Structures are given as C-alpha cells and as structure tokens.
Amino acid sequence: MEHLTELGRYLWLRLPLILLFANAYLVYRLLSVTGLTTVCVQRLLGRSRSLPGLLFLLMLAAALLSFFIPNAITVLTLLPALTALERELRVETGRHMATPLALAAIYGANIGGMGSLVGSPANLLLVGALDLLAVPGREQISFASWFLWSLPLVALYLLAGWALLASFALPKGAQRPVRPRPQAKPLSPWQRSGLALFVLFLTFWTFSSIASEIWPAWRSLEPAVAAGFFSWFVFLVFFRAATPCQGTSAPLLQLRDVFTGLPTRGLVLLALVLALALAFKSLGLDSSLMSRLSRLLGAEMYPALAVLVTVAGVILMTEVLSNTVVSAAFFPVAYALAHANGLSPLILMLAVSLASTCAFMTPVATPCNALVFGEMRGIRIGSMLGLGLVLNLVGALLLTVWVCWVIPLVYS
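Attention here is on the structure that accompanies the text. (Residues numbered from 1 in each chain as written. Predicted model: local features only at pLDDT ≥ 70, side-chain atom pairs only at ≥ 80, totals over all residues. Heavy atoms only, no water.)

### Regarding the overall build of the protein
The following threshold applies: By the criteria applied, helices consist of DSSP H or I runs no shorter than four residues and strands consist of E runs no shorter than two, each listed in order from the N terminus. Accessibility here uses a 1.4 Å probe with only protein chains present; expressed as a share of the type maximum, an area under 20% marks a residue as buried, one over 50% as exposed, and anything in between as partly exposed. Here, residues are in contact when the closest pair of their heavy atoms is within 4.5 Å. The Shrake-Rupley method, run with a 1.4 Å probe sphere, supplies the accessible areas, and residue values consider only the shown protein chains as cover.
A tally of helices and strands in the protein yields 17 helices and two strands. Within the protein, the proportion of its 412 residues that are buried is 53%. The long-range share in the protein, meaning contacts at least 24 apart out of those at least 6 apart in sequence, stands at 81%. About 18,300 Å² of surface is accessible on the protein, with carbon and sulfur atoms providing 69% of the total.

### Digging into the side chain of Asn-369
Stated formally: Counting of polar contacts relies on pairs of N or O atoms within 3.5 Å, with two restrictions inside protein: one atom must be capable of donating a hydrogen and the other of accepting it, and residues adjacent in sequence are counted only when both atoms are side-chain atoms.
Mapping Asn-369 onto the fold places it in helix α16 (residues 367-375). Separated by 3.2 Å, the side chain of Asn-369 and the backbone oxygen of Ala-359 make a polar contact. Excluding residues that lie within four positions of it along the chain, Asn-369 makes contacts with Ile-106, Asn-110, Ala-359, Phe-360, Thr-362, Pro-363 and Met-384.

### Structural notes on the packing of helix α13 (residues 303-321) against helix α17 (residues 381-410)
Inclusion rule: Simply put, an axis is a line fit to the C-alpha atoms, just over the touching stretch for a helix, and the angle between two N-to-C directions goes from 0 to 180 degrees. Reported orientations rely on four angle classes, namely roughly parallel under 35 degrees, roughly antiparallel over 145, roughly perpendicular from 65 to 115, and oblique for the rest. By definition, turning the near helix anticlockwise from the far helix through less than a right angle yields a left-handed crossing, and turning it clockwise yields a right-handed one.
The geometry of α13 relative to α17 is characterised by a closest axis approach of 9 Å and an angle of 140 degrees between their N-to-C directions. Taken as axis vectors, α13 and α17 run oblique relative to one another. As for how α13 packs across α17, the hand of that crossing is right-handed. Where α13 abuts α17, its residues Ala-304, Val-307, Leu-308, Val-311, Ala-312, Ile-315 and Glu-319 lie against Asn-392, Ala-396, Leu-397, Leu-399, Thr-400, Val-403, Cys-404 and Trp-405.

### A look at the packing of helix α14 (residues 323-340) against helix α15 (residues 345-357)
In a pair of packed helices, the angle between the axes and the distance between the axes together describe the arrangement. This is how the line gets drawn: Polarity classes work like this: nonpolar for Ala, Val, Leu, Ile, Met, Phe, Trp, Tyr, Cys and Pro, charged for Asp, Glu, Lys and Arg, and polar for all others, with Gly in that last group.
Two elements in contact, α14 and α15, have axes separated by 8 Å at closest approach and are oriented at 155 degrees. By the angle class used here, α14 and α15 are roughly antiparallel. As α14 packs across α15, the resulting crossing turns out to be right-handed. Here Asn-323, Ser-327, Phe-330, Phe-331, Ala-334, Tyr-335, Leu-337, Ala-338 and His-339 of α14 come into contact with α15, specifically with Pro-345, Leu-348, Met-349, Val-352, Ser-353, Ser-356 and Thr-357. For the contact of α14 with α15, the class distribution of residues is ten nonpolar, six polar and no charged.

### Examining the layout of surface pockets
The condition is simple: Only protein atoms enter the 1 Å grid used here. Points where a 1.4 Å probe fits but cannot escape make up a cavity, open sets with protein on both sides within 12 Å along at least five of seven lines make up a pocket, and a residue lines them when an atom lies within 4 Å of a point. Grid points are joined across faces, edges and corners, and a volume is the space filled by probe spheres set on the points.
Space inside the second largest pocket adds up to approximately 660 Å³. Of all elements in the fold, only α1 (2-13), α2 (15-34), α7 (121-132), α9 (189-214) and α10 (218-238) reach the threshold of two or more residues within the lining of the second largest pocket. Here the lining of the second largest pocket takes five residues from α9, the largest share from any one element. Taken together, the residues that form the lining of the second largest pocket break down as twelve nonpolar, five polar and seven charged.

### A short note on the packing of aromatic side chains
Heads up, the rule is: The aromatic pairing rule takes the rings of Phe, Tyr and Trp, using the six-membered ring of Trp, and pairs them if the centres are within 6.5 Å, calling planes under 30 degrees apart stacked, those over 60 edge-to-face and the rest tilted.
All chains considered together, the criterion is met by twelve aromatic pairs. Taking 5.9 Å as the distance between ring centres and 35 degrees as the angle between the ring planes, the aromatic pair formed by Trp-215 and Trp-218 counts as tilted. The class for Trp-218 is buried, based on a relative accessible area of 7%. Plain terms: the ring middles of Phe-229 and Phe-233 are 6.1 Å apart, the flat faces sit at 45 degrees to each other, and that makes the pair tilted.

### What to know about the pattern of salt bridges
This is how it is decided: When a carboxyl oxygen of Asp or Glu lies within 4 Å of a side-chain nitrogen of Lys or Arg, that pair is called a salt bridge.
The tally for this structure, following the rule as stated, stands at two salt bridges. Salt-bridge contacts for Arg-90 lead to Glu-86; the nearest nitrogen and oxygen are separated by 2.5 Å. Highlighted residues: Arg-90 and Glu-86, both in helix α5 (residues 71-93), separated by four residues, approximately one helical turn. Owing to a relative accessible area of 37%, Arg-90 belongs among the partly exposed residues under this scheme. Residue classification places Glu-86 among the buried positions, given a relative accessible area of 7%. Among the salt bridges present, the one from Arg-138 reaches Asp-131, with a minimum N-O distance of 3.3 Å.

### A closer look at the environment of Ser-150
Locating Ser-150 in the fold gives a position in helix α8 (residues 143-169). Considering only alpha carbons, one finds Ser-150 and Gly-112, 38 residues apart in sequence, at a separation of 9.2 Å. Not counting residues within four places of it along the chain, the set of residues in contact with Ser-150 comprises Met-114 and Gly-115.

### Quick notes on α10
Put simply, the rule reads: Multiplying 1.5 Å by the residue count of a helix minus one yields the expected span of that helix. By definition, a residue's bend is the angle between the axes fitted to the seven residues ending there and the seven starting there.
In this model α10 runs 29 Å from its N-terminal to its C-terminal C-alpha over 21 residues, within 8% of the 30 Å that 1.5 Å per residue would give. Approximately 30 degrees is the largest bend angle found in α10, and it occurs at Ala-224. Buried residues of α10: Trp-218, Glu-222, Pro-223, Ala-226, Phe-229, Phe-230, Phe-233, Leu-236, Val-237 and Phe-238, and no others.

### Topic: the environment of Asp-257
Along the chain, Asp-257 falls in the loop between β2 (248-250) and α11 (264-282). Spatially, the C-alpha atom of Asp-257 lies 9.4 Å from that of Ser-32, the residues being 225 residues apart in sequence. Beyond its immediate sequence surroundings of up to four residues, Asp-257 is in contact with Arg-29, Val-33 and Leu-252.

### A look at the nonpolar core
So the rule is basically this: What is meant by a nonpolar core is a set of buried Ala, Val, Leu, Ile, Met, Phe, Trp, Tyr and Cys residues, joined one to another through side-chain atoms within 4.5 Å.
Counting 121 residues, the largest nonpolar core has Tyr-107 and Tyr-157 as its most contacted members. Leaving out residues up to four positions away in the same chain, Tyr-157 has contacts with Ile-111, Met-114, Cys-358, Phe-360, Leu-391, Gly-395, Leu-398 and Leu-399.

### Structural notes on α7
Between its first and last C-alpha, α7 extends 17 Å over twelve residues, near the 16 Å set by a 1.5 Å rise per residue. A distance of 3.2 Å separates the backbone nitrogen of Ala-122 from a side-chain oxygen at the start of α7, and that oxygen is part of Ser-120. Backbone geometry just after α7 places Ala-134 at a positive phi near 50 degrees.

### Things to note about empty space enclosed by the protein
Any empty space left between the atoms is revealed when a probe the size of a water molecule rolls over them. This model, assessed by the stated rule, comprises one cavity of 30 Å³ or more. The space that makes up the largest cavity amounts to roughly 50 Å³. Around the largest cavity, the lining residues are Ala-312, Ile-315, Leu-316, Leu-389, Asn-392, Leu-393 and Ala-396. For the lining of the largest cavity, the elements supplying multiple residues, two or more each, are α13 and α17. Ranked by residues supplied to the lining of the largest cavity, first place goes to α17 with four residues. Split by residue class, the lining of the largest cavity holds six nonpolar, one polar and no charged.

If you want it as structure tokens, here you go:
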C-alpha cells in the first residue's frame, strides 16, 4: 500500500508533464484537421525562390513545430504537405526530390526535438530516469529553462544539416522555376479558431513553466491547475459548437479525428521497429551490451573525453537499436560514468537524451526517421547513410562542447 501511495504521489507531481504531452497530441490533430499546418508550410515555402532556400525553410518549420509538440507528431503533421510538395517539385524540376525533402523533414524534426522538453520521447524518459535515480538538480529542468541553452544549439545544428543537404542531397542541375508568388488566402474562421487554441496552448504551458521557476508555491498548485486547463482545452476542442464550418456550427474536432488521417505505411514501419526493440530487450541483449559498455567506459578519463565517448556511443547505437531503447538503457550507465569521472550526473544523462534524439543515418534510429522513410517513396538510402554519418560526427562534437561548457551555465 505504501508503494501505491508513493506511485500516486509521483504521478500527481508529474501530472503536468504527462498532460503537456497529451495536450501536444491534441494540438497536432487540431493543426492537421483544420489544415493550419499545410497553410503554414505553404506560406513558408512560398517565400523560397530556390531549392536550397526551400530545404532550409522546411527544416525550420519542422524544428519550430517540434519545440511545442513531440517531433514524431510533428512528422505526422507535416507528411501530407511533404508528399504533396514532392509531387509538385517533381513536375517543376523534372527530378525526384524525395530524398532531400525527406531528409530535411527528418533533420528538422530530430533537431527541433532536442530543442524542447516535450520535443522527444527520450526527454520524457530522461525526466523519469532523473526521478528514479534521485539525481541532484533535476528540479531545475523545466519547459522554459530548457530553451536557454537549446535555442543556440538548435540553430547551429540546423545550419550544419542544411549545409550538408544543400551541398550534396539536391539533384545536380535541379532548379526551381521562378514564378509569380500567389497571394496567400486569408484564414477561414474555422482555422482562426484552431490558431487561437494553439496560441492558448503555448501561452499556458509557457506561463506554467516560467511560474514554477520564479514562484516556488506554483509547483504545488501546478498539477491541479494543469488538470483544469487540460479539461477546459478538451471542452473547447470537442464540445464547443460555436465555430463556423462550411456554413454550420460544429466542434473543431470529433472523437474520430483523434485516430484518423494517420500515415499507415510509416506507422507500420514504426511498429516493426518497436517490436524489434522489445525483442532485443526481452532477450536481455540490451543489458548485456550496456554491461560491456559500462566496463569499457569504467576507467577514469578526461571529462570532455568521457562526454564525447558517451555521446558518440549513444548516437551510433541509436542508429541500429532505436532511441527509446538506447536512452532508457544508457541512463544508468551515464549516471555511474559521471560519478567515476567527476561529472554532473544530470548533465551527462541530459547528453544521453540529446544524443539519442539526434541520429540521422538509418530508418530505424528514431520514430521520425521511420515515419518519413515508411511514407515517402524513392528515398536514396545511400544518401541517407552517408550524409547522416557526417551529421552524426559533427553533432557529436557540437554536443560535447555544449554539454561540457554551455549547459552547466544554466544547470549549475
């Protein structure tokens, strides 16, 4: 009974984070059903006169969305617009554009996923691992404080990924025809209502995060307030019939909208990846691998070298095992390695979460990779492997610098 009480207390304290992820999924369906994502992507891409510029804007759109909704959900949101854009560009350029467009979406979503506390499932696992191991300083991690160090990191990562794609992923000689830019259509009342709810979502969760930083009493109130806000949000989305929709009043979402319109092929591939990960775990292979790696890393080493080895190892393992399996198995290793080398366990476990989100080589590495690869046809696997390897190496160095010298300035 005491264990149940402790579990209930823990779930109550972490209820805001759980509701934040649930709220983010509803926002994804809201953006998709109202067509706001398509409108946003079309307006962004309509500003581009060149293919490199188009790739940058696509990466930027994916990263920005991943700041506020989990990156796998961002990919689900973008896929309809992405496949339509690929067909349009194939007609315009006479070249297959699936590879650069798919990689731009994957890079943007994965990079944006590490830019926010809710951006990746690995970050949710990180919070659970920090609580389980009672890591000192874990209370400093919040929705707002994460942005202090993540925004410049995301910007540098995006520039590196875009430079690779613009230089090596585009078909040789492919040019985007310069055409008069069509005037953007104004948002419909239905879309404006959806946009208002999206702004409401951002406003509440940003305020809640900042309040918990500057007002300690808010932390005890936050679970109840978050539950109240989420209930109100559900009412506004599903039950308020005051939005003009094709001449009639109707709620923004029906219950069936929560489950319809999902990309079947991408989800099937993702399910296969998860099944393989579960099989790997059930056979105890993850524990065996982590045990060997722990012995390998057990010796004392220079702190920056320990971070680099950890980050590089997590990235490369993620490419073949999926990021959720690797991050969950690697957190205890990082905890022990930090104590052995005079590092902060909080910082090194944070590095594991970031590294497991930024794997770009294979379709099985992250949910974003699996969803895009499964849904878009014609992706060149050789380009994905080669460019992903380069970005992995650049990212390992960049993350090492950030973990050693930048993030400690925020979580001191």
